[in-house]
Structure formats: structure tokens, C-alpha cells
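Analysis of the macromolecular model
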Amino acid sequence: MPPAPAPPAAVPPASARPATAAIELRGLTKDFPVGLRGVKLRAVDNLTLDVPAGQVFGLLGPNGSGKSTTIKVILGLLEPTLGTCRVFGVPSGQVASRRNVGYLPESPYFYRYLSGEELVRFYARVCGVPRARLAARVGEVIEWVGLTGAAGRRVGTYSKGMLQRIGLAQALVHDPRLIILDEPTAGVDPVGSAEISAMILRLKAEGKTVLITSHLLAQIEDVCDRIAILDRGRLILAGTVAELVGRRDRQALLVETLPEAELAELRAWLAARGRTLEAVEQPRTRLDQLFLREIARSEGQREGRS
Amino acid sequence: MRFNPLNLRPLRTGLLVVAALAATGWALDPLEQPAWAAVRAREPALKLGTLQAALGQGVTVGLLGGFRALAADFLWVKGEVLWEDHDAPATQSCLKLVTTIDPRPLYFWINSSKMVAYDMPDWRIRAEGGYEVVPKRRQQAIVLEQATVGLEILQEALTYHPNSWFLYETMANIHWQQTKDFAAAAVLYKLAAEQPGEGGWAGRQHARMLQNIGRYQEAYDWLLQRYAKLPKPPGTPGSKEPATNQPLTVQQTTDAGEATEMLEWIRKLEHTLNLPAERAYQP
Amino acid sequence: MSAPDQRVPFSYARLALIAGNTFLEAVRQKLFNLMLLLAVGLVASVQAFRAFNFGSSELKFIFDYGLGALVFFGSALTVTATAQLFFSEIESRTALTLLAKPVWRTEFIFGKLLGVWAVVGVFCALVTGLLIGLIAYREHALMAANPEMFTGAGRPVPYGDIVIVGVLQWLKFGVLAAATLLIASFSNTNLYTVIVGFFVLVICHLQYIAVEAYAHLTSLPLRVLVATLSHVFPNFQVFNLAEQIGPDSGVDGLVALRVAAYALTYIFVLGGLAVYSFRQREI
């Protein structure tokens, strides 16, 4: 990925802004009518949730848990049946609530007949980026997502990973404070997925709020500050990743491999203090990290030969 | 079953849309009516009564604005193909459909009547064995039958184009050439001559028909009236300007020829009527 | 917690941007090119019918035929392109991305409408231009070959009226596009929209029959019902104001302006109702 210039901030840094939650959901309920006989499908059920500004927030849940519906309500694409939804304090039904929001839909489809640059320029103009800054801003975000070389190509010829990147560029072009990424790594290979994770962390470093849904739980764990888990439209768990995943009453010690005699000594030493050695395991490298390391090494060798 | 207000929304929206459109329709009546009146006056095919005769024959499609012209044109071409095949019933019904869908073009009426009155008798006589085999009386009956249908077409055309000299002249031609009813032809040629735009031929034909049935005095009086109205270039009898050395224009030469020819005809009729020289016409 | 003042006013620039993008999408699709090719092919093929020898009526025939092509393919293009351009946004989820931006649904709907209308405008201009060129070419040839047909009652072609015909049809297509968009705003599928759109096209051409019928009804409630229903649909026959060319077919400018106002009002109202319906649509 090329070195990325930080997108120029159109809004004051997070520290200078009032401590408004980026998204506030209060008792949000969304029903869909099914047929004409009064049957309704409850997609989201009394959801109350805050997404704090400046954090990366993961919204998790199995298929049909109400993640996409919640996102659509936040974007004003669906009207809540009950409850409220505010984005930076503005009700999500108002057009103004979307002024500071960038959205990358799941499996994004864009106007295939436009080039990447034309597409980003179109959305930049829709979002009201001033003409004087248009060309520079479009160039910046395209470079930021690493698509400068392919910006002149028709979007219809892009790979899945490139589509996600151009999608991210269009979501960022008006320098929004909140970026919503719906399954940003769906169908993307591990390399592309890792790049997207890196981008999310850079956005966080720039003070942006990121709301992300993903099936890749490892990715969520790596990048998110907080998560919420939904099931059948209901919130079943919410909190920081550290709180939810970490075990405060247990510790893992990483040492060089011990011979069996020394291990027995260690057990005895612990037993003398009323402790038990619960597990002795061989630590493993995560498969995605192994994959990325090997791909990087292979590419390095190829470049060295050439 | 529980009441769910979500299900009422489409109904409410639908009712509102219908109400808003109806209100718009009423409000726009003052804009619509003058245009509709103008279209109505020009397009007699839009009358409900006319439609009923042809409904179910594709006329509905033919009514869709410009589709009408296209549908009529396509049917006309189909009629021409049927005409080439000498298929009299199919041609006749196809032509009828054309004039019902689009009665505006005169050529549909004129050409339909000509096909029916002139071409179809020939097809029928040939179909029955040819001119040598079919008895003269039968041939005459066929010609009369077809001429009557042709005349009916033109009569209907007059309801759409009441001032068309071309229609009257075509009717007169059928009486003259097919039914040999010179009296009826004379009346129709006169009517043609009285319509705006007629070139003069129908007027002369009126006199010719009167002559054919021995009504010389009427023919003579008619020609005198016509002669008085003819343009007379310098040097022709009756002209107010004397002949000059300047050559006549093409139009003046034609006018002079017509005037001279008509005056000669008048002289012949004076001779036929045995008018004394002092009562002869003096231009 | 107070919301910061960051209102997003309605923007004509955004509307124009969406319209421009819709136009670009349409002209890059096969549908537009196919319709244009068929219409141009049909107009150009009129030369093939010269074998039937229409004589002096040939110019009228070419006009009728060309107008038919304009109306037929123009209607088909309007209904299908409107439905397709709307549903391509919904089905490919590009609407999701666009409406997740600070964009009013009014800007989206009117942007789509203006984009389609611009496409149909290009279509009308090209076909009308071709028709004028073809008529001028044949008129020139016929005048050279048969000068006598163009004297006296002969009729010079009123090219201004042909342009008015093109403009009136374009206005009608604008109303049709707005009506199709209204249907699309609540419909779930492209196919349903296209079918209902064509039904509306037929009804709008025939609604005058209902108007005529209610004038003869004796039952008051029935009269009110039929009158209301007949006012729900615009009368597309008023756009046929200049459907005939010839000496008696001059278009009254004032009436043409009223028709234009009629069309523009309907486009605005139907577009507004489409916005109303679309605002309730869950994407």
C-alpha cells in the first residue's frame, strides 16, 4: 500500500468537538409488514446503543440479526417504527444527518460505465465538495486507498478488492466524521482484508468514528474498540473488546520449551502455593498472519530477482 | 388478526395520489379544453360513433396518437398488396379499416373508391370468365354494383371533407365513366367547380355532360358564366387591355388559350341552338 | 443535546448532477441505441414504399410514417428507459450509496426524470431532424419531377409545424416518463412498471371516451364517479395538435402554449407524487 497522506480535515479535531455520541439509538424498533393480513416481521427490537465518537465500533451478529436494518435506519434509508436514531445529534430522518457520514455498502455496486476517478468525482460533487478543491480532493482519496494507477479504468473492470477500495474512496471523499462499513471484507482475499483493516486503524488515528459489520471476527477483534452483538434484532451483548474477550482471572506465560522434569518442578512449585497449571500448549501463529507474512516474503523475493 | 397501521400506508398513499391527480385534471381543464377542441375539430375519427363500427379490428391501437397514422399507413400498404393479388373482398375490408382509423388523408378515400369502382369490376368479370364470355348485361350489373360501392365511400368521405372539389370530381368521374349517368355527373361536376381550389376542368366537364344529355341551353348559359370569370390576357376577346408588342408570359399564354377555346365552344353551341347573330355572345 | 446547525438545502446542482449521470447511463445502454436505430431505420425505410406510387401524397405519407415511428419508439423508449434507469439504481444498490449521501429524495426523483426526459429529447430531435431532412429531400425531388403538383392547390411543407410536432411529442413523453416514475416509486419490479406504464399510455390516449361517456350518463353518482376517474389521467390526445401537415393544418401558437403548460404542470405534479410515494419507500 502506498504511503497515505492524511485526508485534510474539514471538521475540527475530535478533542475540540463537544462530546456528542456519533450515533445514539434509543428504543429503536423496526417492523416490516408482510402481506396484507397484519403480519409483521420485527427486524430490530428495542435497541438502545451509543457509538462513541472517535472509536471503531463493531456491530456483530448472525445473518438476519438486524445489523443491516440498523445501518439503514442510521443512514435514513429506513424509517424506525418506534424509537429514535440520531447521528451527531441530528435525527436520522433528516438529510442533514448524512452530511458527516460516509457509507460503504456490502458488496458495493457502482456505476460501471464511469471510471474510478469519475465515480469519486461524482460522489464528491453530490456531497458538495467545492469545485476549487474537487480535483485535489479526488486525487487525495484515490491515492489514500491506493488506486491511483487504476483511477482511469472503468469501474466495471475492477476486481472485488478494488471495488471495496473505490467504495471506501467515495465514502471518504467529503471527509466525513463517521464512516459506516457494511461487511467491508466480504469476498476480499486476506491481503485485501488486511489492507482494509490497516485503513480502518488509520481512520481511527485521524479521529474518525468507524462503525463496521463483519463476519471476520478476528478482524473485528483486531480493529474494534467496542462491539455490540445482535441476535434476532435484540442486543445481547455490548462493551469494549478488552472487557468482553479478555479473562481477568487467568494469565498466559510464554517461555522457551521446558523439558518434562522442569515442567514437573514448575507444577510442584505452583502446587506448594495452592495453584494449578491448567494447560501447557504450543503457541501458534494465526493463520492469516502466516499467510500475509509468506505472501510478503514471496513478493520481496520476486522483486529482488527482478 | 391484529390491526397493523403499517398496512394502511400504501392504501393512504394510493388514495392521495388518485385525489391529487383528479384535482389536477379538474384544475387543468381550462388549458386542456381549447387544445382538445382543436384536435377534435381536425380529427373526426375520434368520435365515439365512428369507433364503434370498427372496434375489435385493431382500431384501438390505431387511436393512440401517432400510432393511428402509422397503423393506417401499414394497413394501406397491406391493402395495396391485396389489390395486387386481386383479392376484392379482402382489399375492400382493408381499405374500409384504413379510412375508419385515419379518415384525414384524402388519398385514402380517393384511391379506395377508384380501386373499388374501376379495378374490381374488371377482376370480377375476368373471374367469371372474361369479357368474351360474361354477357353484357351481367358486365353492366357488376360495373354498377362496384360503382355504387365506390360512390358510397366518397359520400362518407364528404362528411369528413365537405369542401373537397376532388371528392366531387371523383364521384362525377365514376358517374361519367362507369355508370354513364351523365345527369348525375353534371350535378357533381358543378358542385366540384363551385368548391375552392378547383382548377376549371370540372366546370368544363359540367358543360360537356349537359351537352351529352341534350341540355344545350343550360350548357351554353353555364359556359357564358364561366367565360366571364376567366382571366383574359391583353389581346384576347373581352380583355380590357389591347394587344401589345410585348410577348405574353407562360401563364398568360395558357389563359389566352383557354379563353379562346371556350369562346369557340360557345360559338359552336350558338350554332347548335340556332341563335341569330344579333343574340350571339359579345365578350 | 442540541443538533448543530448544518441544514442541507435543496440543491439544483445536485439535481442536475443526478440528471446528467442518468443521461450518461441511458445513452451508454443498448436500449437507447436500439430504439434510435429502429426509429431511424423505420423512417429511412419509407423510401421502400415509393414503389406503391403515392404521387403528390407521398410527402404526407412520409410524414405520417415518420410521426408513427417517433410516437411508437419514443413511447417504448420512455416507458422502458424510465423503468430501467430507476430499477437499475435500486437493484444494483447504487441508490443505496447515493441516498446515503446528503441527497434529498426529491433531487433523486426529479434528477432521474430530467435525465430520462433529456434522453427522450435527444431521440425526438434526431428522429424529427431525420424526418425533416427526408421530406425536404423528397419535396425537392418531386418539385423537380412534377412541378405542376406544386402550383395552385399544391401544398408546400410547413416545416415549422413538423418541429412543433416533435416538441409536442417530447412534452407528452415527459408526462409519460413522470407517470412511469410514479408507478416505479411504489412498484417492486421493472417488468410490472413497464406493463403498467404501457397501460397508462393506452388509457391516457383513450380517456376522452370516458369523458364523452359521462356526459351522457343520467345517474348523478355515476356521473361524478366517471368524471373523477376520467380526470385522473391526462388526455394525451391534446398532444396531437399538429399531427397533420398541409395547408389547413396550421398550429395555433396560443393553443400549443397551453398544451405545453398542461404538460409541464402534469410533469411537476406526477413528479411530486412520485417523490411523495418514494419517500415512503424503504430501500
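Since this is a predicted model, take the numbers as computed values, not measurements. (Residues numbered from 1 in each chain as written. Chains lettered and ligands numbered in written order. Predicted model: local features only at pLDDT ≥ 70, side-chain atom pairs only at ≥ 80, totals over all residues. Heavy atoms only, no water.)

Below, the discussion takes up a nonpolar patch on the surface. All names here are of chain A. A surface patch of nonpolar side chains, amounting to about 510 Å² of accessible area, comprises L253, V255, L258, L266 and W269. Its place among the elements puts L266 in helix α8 (residues 260–272). Residue classification places L266 among the partly exposed residues on the basis of a relative accessible area of 31%. (Patch = residues over 30% accessible without salt bridge, like charges linked within 9 Å, V, L, I, M, F, W, Y side chains within 5 Å. Areas by Shrake-Rupley, 256 points an atom, 1.4 Å probe, with all protein chains shown as cover. Salt bridge = Lys/Arg side-chain N within 4 Å of Asp/Glu carboxyl O. Helix = DSSP H or I, 4+ residues; strand = E, 2+ residues; numbered from the N terminus. Buried < 20%, exposed > 50% of the residue type's maximum accessible area, 1.4 Å probe, protein only.)

Take the packing of helix α6 (residues 88–101) of chain B against helix α7 (residues 106–127) of chain B next. Residue and element names in this part refer to chain B. Look at α6 against α7: their axes get within 10 Å of each other, and the N-to-C directions meet at 170 degrees. Between α6 and α7, the angle falls in the class roughly antiparallel. Of the residues in α7, those touching α6 at A88, T91, Q92, L95, V98 and T99 are F108, W109, S112, M115, V116, M120 and W123. The class makeup of the residues in the contact of α6 with α7 is nine nonpolar, four polar and no charged. (Axes fitted to C-alpha atoms, helices over the stretch in contact; angles between N-to-C directions. Parallel < 35°, antiparallel > 145°, perpendicular 65-115°, else oblique. Contact = heavy atoms within 4.5 Å. Nonpolar A, V, L, I, M, F, W, Y, C, P; charged D, E, K, R; others polar.)

Here we come to the interface of chain A and chain C. Every contact between the two is made by 37 residues of chain A and, on the other side, 29 residues of chain C. Both sides together, the interface formed by chain A and chain C hides about 3,200 Å², and carbon and sulfur atoms give 60% of it. Looking only at chain A, the three residues that lose the most surface to chain C are L77(A), Y113(A) and V126(A), adding up to 21% of its buried area. Between the two partners, chain A and chain C, sit one salt bridge. Close ionic contact of E282(C) with K30(A) constitutes a salt bridge, the shortest N to O distance being 2.4 Å. Our count for the contact surface shared by chain A and chain C stands at ten residue pairs in polar contact (both at pLDDT 80 or more). Contributing elements (two or more residues each) for the side of chain A that touches chain C: β1 (23–34), β6 (101–104), α2 (116–126) and α4 (160–172) of chain A. Element by element, the count of residues in the side of chain A that touches chain C is highest for α2(A), at four residues. Of the residues in the side of chain A that touches chain C, the class split is 21 nonpolar, seven polar and nine charged. (Buried area = accessible area lost by both parts, 1.4 Å probe. Polar contact = N/O pair within 3.5 Å; in protein donor to acceptor, adjacent residues only side chain to side chain.)

This part is about the confidence of the model for chain C. Per-residue pLDDT for chain C has a mean of 84; in total, 87% of the residues score no lower than 70. Every residue in residues 51–55 of chain C is under pLDDT 50, and counting partners more than four places away or in other chains gives eleven contacts. (pLDDT = per-residue confidence, 0-100.)

Let us look at the environment of T249(B). Residue and element names in this part refer to chain B. Mapped onto the fold, T249 is located in the loop between α12 (216–229) and α13 (250–272). We classify T249 as partly exposed; its relative accessible area is 42%. Along the backbone, T249 and Y227 are 22 residues apart, and their C-alpha atoms lie at a distance of 20 Å.

In this section: the pairing of β6(A). All names here are of chain A. Neither face of β6 is exposed, since V101 and Y103 on one face and G102 and L104 on the opposite face are all buried. Pairing of β6 with strand β7 (residues 178–182), which is carried by four bridges, proceeds in the parallel orientation. Across the sheet, residue V101 finds its bridge partner in β7, namely L178. (Pairing = 2+ DSSP bridges.)

Before going further, it helps to spend a moment on the sheet that holds β6(A). All names here are of chain A. Taken in spatial order, the six strands make up an open sheet running β6-β7-β8-β3-β9-β10, and their pairing is mixed. In this open sheet, the two edge strands, each paired with only one partner strand, are β6 and β10 (234–240). Taking each pair of neighbouring strands and ignoring which way they run, the sheet shows an average axis angle of 15 degrees. The strands that α4 touches are β6 and β7; relative to β6, the one it contacts most, it runs at about 165 degrees.

Another point: the environment of Y113(A). For Y113(A), the position within the fold is in the loop between β6 and α2. Judged by its relative accessible area of 11%, Y113(A) falls in the buried class. In this structure, Y113(A) is in contact with E118(A), R154(A), N21(C), L24(C), E25(C) and R28(C), ignoring residues within four places of it in sequence. Among the polar contacts listed, one links the side chain of Y113(A) to the side chain of E25(C), at a separation of 3.5 Å.

Residue and element names in this part refer to chain A. Most of strand β3 (residues 56–60) sits out of view: five of its five residues are buried. The alternating pattern of β3 places V56, G58 and L60 on one face and F57 and L59 on the opposite face, and all of these are buried. Two strands pair when backbone bridges link them, and β3 and strand β8 (residues 209–213) are joined in this way by four bridges, in the parallel orientation. Bridge assignment links G58 to a residue of β8, and that residue is I212. Here β3 pairs with strand β9 (residues 226–231) via four bridges, running parallel. Opposite G58, over in β9, you have I227 as the bridge partner.

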